[in-house]
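One letter stands for each residue in the lines below.
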Amino acid sequence: MTATAYPTRWKRPPQIVKDRRWRIVLQIGIVVYLILAIGTVEVNWTRVYDGLERGQRFVMGFLQPDFTSRWTDIRQGLIESLTMTLTSTVVGVAISVPIGIGAARNLAPPWIYYICRSIIAVSRALQEVIIAIFLVAMFGFGPFAGFLTLSFATIGFIAKLLADDIEEINEGQAEAIRATGASWLQLVNYAVQPQVIPRLIGLSLYRLDINFRESAVIGIVGAGGIGATLNTAIDRYEYDSAGAVLLIVIGIVMVAEYGSSYLRKFLQ
Amino acid sequence: MLRLDGLSKTYTTGDAALSDVSLTVPKGQIMGLIGPSGAGKSTLIRCINRLVEPTAGKVLLGDVDLVTLGKGELRRQRRRVGMIFQEYALVERLTVMENVLSGRLGYVPFWRSFLRRYSGADIQRAYQLLDRVGLMDKADNRADALSGGQRQRVGIARALAQDPELLLVDEPTASLDPKTSRQIMRLLTEICSERNLPAIVNIHDVPLAQQFMQRIVGLRSGRVVFDGPPSELTETALTTIYGEEDWNAMRQGDEEQAEAEADAKTRLEALAR
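The rules we used
- Residues numbered from 1 in each chain as written.
- Chains lettered and ligands numbered in written order.
- Predicted model: local features only at pLDDT ≥ 70, side-chain atom pairs only at ≥ 80, totals over all residues.
- pLDDT = per-residue confidence, 0-100.
- Helix = DSSP H or I, 4+ residues; strand = E, 2+ residues; numbered from the N terminus.
- Contact = placed C-beta atoms within 7 Å.
- Pairing = 2+ DSSP bridges.
- Axes fitted to C-alpha atoms, helices over the stretch in contact; angles between N-to-C directions.
- Nonpolar A, V, L, I, M, F, W, Y, C, P; charged D, E, K, R; others polar.
- Expected span 1.5 Å × (residues − 1).
- Buried ≥ 20, exposed ≤ 12 C-beta atoms within 10 Å, placed from the backbone.
- Arc of directions from axis to C-beta.
- Core = buried A, V, L, I, M, F, W, Y, C linked by C-beta atoms within 7 Å.
- Parallel < 35°, antiparallel > 145°, perpendicular 65-115°, else oblique.
- Left-handed = near helix turned anticlockwise from the far one by under 90°.

Overview of the confidence of the model for chain B
Residues and elements named next belong to chain B.
Alright, step 1. Of the residues in chain B, 99% have a pLDDT of 70 or more, and the chain-wide mean is 89.
Alright, step 2. The lowest-confidence element of chain B is helix α10 (residues 244-272), averaging 74 in pLDDT; the highest-confidence one is helix α3 (residues 96-101), averaging 95.
Alright, step 3. This complex was scored by the predictor with a pTM of 0.82 and an ipTM of 0.85.

Written out as structure tokens, the structure is:
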């Protein structure tokens, strides 16, 4: 066959819907649905206009943040939040490690595996705000409820990622340790731990800054910390103080973000 | 002495990896296990220390049948069997010394291994072994900082730290270059004869097996089809083990490789001049 007999044009064949007619019908259907759906959203334009003014005041508050007049409240909120963040991360990680090991299929017998996986599932299914509302009702307003909420949420996060990481370890290394006659604990200590520790530290640092951000959110439902301060400021229409709080939160999250990514790089 | 008696393994998928393998390995003998991939070489050596559970048969090490042991007793018996792996299987993030000391895990209580507080005798022995394999100065390096050949030496030291009565060696040279392969094989055979230690070596490189093994067992689809000294490993025997086409292809490949190596060598020599 000569070179000229080969086609000169090639088009990528459709991968999902093979039939051309179906493709057209689907595309038109999606557009129609989108138009109808947008049509059902009710917009009260006068309310939006009013809101714009409030929004403007909010933005102005940001531009002229007032750190001084509510400083004692802000400071106390911050200290509460930071305490809550650190303690809940430490406690949460400490509880997560055994649960994470139990939730790894290659280390735990099936019944332990299922128990630990369900603990993780429960913790992950419930959003922080919902747990916070529940715990505030149980233990009253204040940072204790916040501490418990964040610890609980940390368990779901760390234990799941740790368990997945343990399931992906290099089995060869575990096999070699098992072949020496090592016990289960020695296997975990010598073959598993060295493989997952850097990632566990990275995850814990990551969770630390998630917990700080979350502490600002759950404060709004009464779990203390900087969120409570923020909520009070907004309730009093003190947008300049609220702006100050938000700026501080953003600042701390950024510091935590850069700090933890630097540390993680250092650990690898 | 190791005696396998009617050892069989059928995986849950229904693949019969081993059927009715009976072998005796006397003290001090280095036995090479050859065969095409999928013949059950890996399964065979893993059935001996029960990293893979055999479905039938006996594994007699001395007069203990390893197959019937419960968990705790199996752990104690595993100390008697050292294992060396294809991809070294060192714990990469631990130091060389920790890797060698991990050979003692079956002997020490958890708290000692956890705190890395091994007895003076254990540490002395570990240094002695590191010296024997020529890595005395690497004790504090992390295992992942070593080259392939060095890693395999650490693997050997780890297996010897167990004070084993038998070595199981799974493709020790598969990830190494030809020259390092020979060095590692030489080290292994020297160590075995020093200690009068029997070894079963899985090896896919037939010339290497012929050069270093005292006895060769050929495995094909889970059955022993050859058992004898390397000198008896004739073309016919190899054809039985590997099947006609595969063996011819392999031999050709080996010849090509040998030619290429010889060619590279002459070129290098020419360059050196």
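Digging into the environment of Thr240 of chain B
Residues and elements named next belong to chain B.
Alright, step 1. Note that Thr240 resides in helix α9 (residues 235-242).
Alright, step 2. For Thr240 and Arg220, which are 20 residues apart along the polypeptide, the C-alpha to C-alpha distance reads 8.2 Å.
Alright, step 3. Those residues in contact with Thr240 that sit more than four places away from it in its chain are Val225 and Phe226.

Concerning the sheet that holds strand β8 (residues 199-202) of chain B
Residues and elements named next belong to chain B.
Alright, step 1. Pairing in this open sheet of six strands is mixed, and the strands run β6-β7-β8-β3-β9-β10 from one edge to the other. Strands with a single pairing partner mark the edges of an open sheet, and in this sheet they are β6 (81-84) and β10 (223-228). Each neighbouring strand pair of the sheet contributes to a mean axis angle of 20°, computed without reference to strand direction.
Alright, step 2. Looking at chain direction, strand β9 (residues 215-220) and β10 are connected through five bridges and run antiparallel. Within β10, the position partnered with Arg220 by the bridge is Arg223.
Alright, step 3. Along the sheet, helix α6 (residues 148-161) contacts β6 and β7 (166-170); its crossing angle with β6, the most-contacted strand, is approximately 170°.

Focus on the interface of chain B and chain A
Alright, step 1. Contacts between chain B and chain A engage 21 residues on the former and 18 residues on the latter.
Alright, step 2. Every element with two or more residues in the side of chain B that touches chain A is listed here: α2 (71-78) and α4 (110-115) of chain B.
Alright, step 3. The residue makeup of the side of chain B that touches chain A, split by class, is nine nonpolar, six polar and six charged.

A closer look at the sheet that holds strand β2 (residues 16-25) of chain B
Residue and element names in this part refer to chain B.
Alright, step 1. With antiparallel pairing, the four strands of this open sheet are ordered in space as β2-β1-β4-β5. The outermost strands of the open sheet, each flanked by one partner alone, are β2 and β5 (64-65).
Alright, step 2. Set on the sheet, helix α1 (residues 41-48) makes contact with β1 (2-10), β2 and β4 (56-61); between it and β2 the angle comes to about 60°.

A word on helix α5 (residues 128-139) of chain A
Residues and elements named next belong to chain A.
Alright, step 1. In this model α5 runs 16 Å from its N-terminal to its C-terminal C-alpha over twelve residues, within 8% of the 16 Å that 1.5 Å per residue would give.
Alright, step 2. Taken together, the buried positions of α5 are occupied by Glu128, Ile131, Ala132, Leu135 and Val136. Along α5, the residues classed as buried sweep out an arc of 135° about the axis, all on the same side.
Alright, step 3. At its buried positions, α5 is contacted by α6 (143-167) and α8 (184-218).
Alright, step 4. After α5 finishes, the residue Gly140 shows a positive phi value of roughly 85°.

A word on the nonpolar core
Alright, step 1. Counting residues in each nonpolar core, the largest one holds 114 residues, and the members touching the most others are Met31, Leu33, Val100, Ala157, Leu168, Ile200 and Val201 of chain B.
Alright, step 2. Discounting residues that sit within four places of it in the chain, Met31 of chain B has contacts with Val25, Ala199, Ile200, Val201, Met213, Arg215 and Val217 of chain B.
Alright, step 3. Among the nonpolar cores identified, the runner-up in size contains eleven residues, and Ile226, Ala242, Ile248 and Val249 of chain A belong to it.

Description of α1 of chain B
Residue and element names in this part refer to chain B.
Alright, step 1. With seven of eight residues buried, α1 lies mostly within the body of the structure.
Alright, step 2. Among all positions in α1, only Lys41, Thr43, Leu44, Ile45, Arg46, Cys47 and Ile48 are buried.
Alright, step 3. Immediately downstream of α1, the backbone of Arg50 shows phi near 55°, a positive value.

Regarding the pairing of β6 of chain B
Residues and elements named next belong to chain B.
Alright, step 1. Residues Val81 and Met83 point to one face of β6 and Gly82 and Ile84 to the other, with burial holding for every one of them.
Alright, step 2. As paired elements, β6 and β7 share four bridges and run parallel to each other. Pairing of Ile84 across the sheet is with Val169, part of β7.

Points about the packing of α5 of chain A against α6 of chain A
Residue and element names in this part refer to chain A.
Alright, step 1. Interaxial distance between α5 and α6 falls to 9 Å at its minimum, and their mutual angle equals 140°. As judged from the angle between their axes, α5 and α6 are oblique. Remark: the crossing between α5 and α6 carries right-handed chirality. Taking contact as the criterion, the partners of Glu128, Ile131, Ala132, Leu135, Val136 and Phe139 in α5 are, on α6, Phe144, Ala145, Gly146, Leu148, Thr149, Phe152 and Ala153.
Alright, step 2. Considering only residue class, the contact of α5 with α6 consists of ten nonpolar, two polar and one charged.

Observations regarding unusual backbone geometry
Alright, step 1. Here Tyr237 of chain A, not a glycine, exhibits a phi torsion of approximately 60°, which is positive.
Alright, step 2. Take Tyr237 of chain A: it is sitting in the loop between α9 (226-235) and α10 (239-267).
Alright, step 3. Judged by the 13 C-beta atoms lying within 10 Å of it, Tyr237 of chain A falls in the partly exposed class.
Alright, step 4. One non-glycine residue with positive phi stands out, namely Tyr88 of chain B, at about 65°.
Alright, step 5. Looking at the secondary structure, you find Tyr88 of chain B in the loop between β6 and α3.
Alright, step 6. Residue Tyr88 of chain B is classed as buried on the basis of its C-beta count, with 26 C-beta atoms lying within 10 Å.

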